Every structure is written in C-alpha cells, then in structure tokens.
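# Coordinates in review
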Amino acid sequence: MFSTHTTMQLRRLSIVCLLSAALAGCASDVPRTTLLDLGPVRTQATTATTLPAISLADVQAPAWLDSQMMFYRLDYANDLQPRAYSASRWSMPPAQLFAQRLKASLSRAGGTVIAASDGAINLPTLRLDIDEFSQRFDSASKNHGEVAVRASLFDGRVLRAQKMFVHKVPSSSADAQGGAAALAAASDAVIADMSTWLATLPPKR
C-alpha cells in the first residue's frame, strides 16, 4: 500500500497531467493565423525615360495602419470604422510591404533606390505617406482593394514636386485572400504611375 505522502504526490501528478492535456486540447482548437504579403513582383514599372537615382525615406502610415493587422471597411454599413480580420495578418506592416515592393519594382525598371538611412548625399529624397491601404466592401458581395499614397520629392529641404496616387482594384473574393491580391494589384498600379511621374520630372538644378 502507498503511504499518505506517496498518494498525495500521485494525485498531484494526475492533476498536472490532466491540466496539461486540457491546455493542449485548447491550444489545438485555436485557429491558426494566416500570414499574407503582396506576393512576388511579376511586372516591372515601364517608363519613357530613365528613372533618377533616389533616396527613399521610411514610408509613413497613420497609426491605425501601423501594425500587421489586415483591415477592411464595410462602406455600405459604416465606412468610418476600419475592421480587422481575426485569422489573417500581413507578414509586416503595410508601409514596409509597400516600400519593399517599390524598391523591387524601381530596381527592375533600371532605377537606383538607396535608403535615406544610408546617408547618401546629392540625391533627391522621396517621402511617401500611405493614406489608405485596405479592402473596401461596396456591398456584401462586391469589394475592392484601395491604395492611396502621397509622394513628395525633396532636394534637401526644398520640395521639388508632390503628387497623390490612388488606385482601386476589384477583388476576386470577399475574404482576406481576395483582399490581399487586390491590394497587391493596386500597389503595382500606384508604383507604375509613380515611376512614370519620377521619370518625367525635370532634373535637379
């Protein structure tokens, strides 16, 4: 027969095992988070003239976009409320995704892009502010990805040019996957227009 002390130890061990099994079961019931990005760059920006070498500052975004959450808006219900998908996330914040996409696209088009943090001198600095980067539902079945970016080109502290770029691309499905694909296409369209704009600006005096 077991002693009283041994019996208590066995009971405690059984409780620990039961708790561990219960927690493991609960963990398996938690839905896994799907990480999404903008996918590979399949097209390159085409321009009529040569792209200038630029210094790219950190892309800025409003506080509500400064995270990995994937946002959508129900424009038909309340377009003032950004909502986030519960089981889908961006692999990095949208500002970083867009900056990565821009650098890859401009490089493929023959441009030279250097991070402003590298301290390059005598290069114009491109500053980007993302105003919108979300999936927008016009109805329960119809939605699109919308990207709005304000671009400002500086020579030192002097503003040389500024322009707003906005593109909307219909989504193929009413979910996070469809939204990510539409936002990738909208980003590419914005980048293509931005590349043409940069290439046609007069050179630094």
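Cut-offs applied
Residues numbered from 1 in each chain as written. Predicted model: local features only at pLDDT ≥ 70, side-chain atom pairs only at ≥ 80, totals over all residues. Heavy atoms only, no water. Helix = DSSP H or I, 4+ residues; strand = E, 2+ residues; numbered from the N terminus. Buried < 20%, exposed > 50% of the residue type's maximum accessible area, 1.4 Å probe, protein only. Contact = heavy atoms within 4.5 Å. Areas by Shrake-Rupley, 256 points an atom, 1.4 Å probe, with all protein chains shown as cover. Phe/Tyr/Trp six-rings, centres within 6.5 Å; stacked < 30°, edge-to-face > 60°. Pairing = 2+ DSSP bridges. Expected span 1.5 Å × (residues − 1).

### A word on the overall build of the chain
- The number of helices and strands found in the chain is three helices and eight strands.
- In the chain, the succession of helices and strands from N to C terminus is α-β-β-β-β-α-β-β-β-β-α.
- Considering the chain as a whole, with its 205 residues, one finds that 38% of them fall into the buried category.
- Intrachain contacts of the chain at a sequence separation of at least 6 include 69% that bridge at least 24 residues.
- Summing over all exposed atoms, the chain offers an accessible surface of approximately 11,900 Å²; the carbon and sulfur share of this is 55%.

### Regarding the packing of aromatic side chains
- Taken as a whole and assessed by the stated rule, the structure comprises five aromatic pairs.
- When the ring of W90 is compared with that of F133, the centres are 5.8 Å apart and the planes differ by 65 degrees; the resulting orientation is edge-to-face. Here W90, found in strand β4 (residues 78-90), pairs with F133, found in strand β6 (residues 125-137); they are 43 residues apart in sequence, far enough to count as distant. Of the two residues, W90 and F133, neither departs from the other in class, the shared state being buried.
- Seen in terms of ring centroids, F165 and W197 are 5.7 Å apart; in terms of plane orientation they differ by 70 degrees. Their pairing is edge-to-face.

### Quick notes on the pairing of β4
- Taken together, the three bridges between strand β1 (residues 34-36) and β4 define a ladder with parallel strand orientation. By the bridge assignment, T34 is partnered in β4 with S88.
- Relative to β4, strand β3 (residues 69-74) runs antiparallel, the two sharing four bridges. Bridge pairing links L74 to N78 in β4.

### Some points on helix α2 (residues 94-108)
- Its 15 residues give α2 an end-to-end C-alpha distance of 21 Å, which sits within 8% of 21 Å, the value for a rise of 1.5 Å per residue.
- Taken as a whole, α2 has its buried residues at P94, A95, L97, F98, A99, R101, L102, S105 and L106.
- The secondary structure elements touched by the buried residues of α2 are β2 (54-56), β4, β5 (113-115), β6, β7 (143-155) and α3 (176-200).
- Following α2 by one or two positions, G110 has its phi on the positive side, about 95 degrees.

### Looking at the pairing of β6
- With 10 of its 13 residues buried, β6 lies for the most part within the structure.
- With two bridges joining them, β2 and β6 adopt parallel strand pairing. Within β6, the position partnered with L56 by the bridge is L126.
- The pairing of β6 with β7 spans 12 bridges and is antiparallel. Each bridged residue has a counterpart across the sheet, and for T125 the counterpart in β7 is F154.
- Linking β6 to β7, which pair antiparallel, is a turn of five residues.

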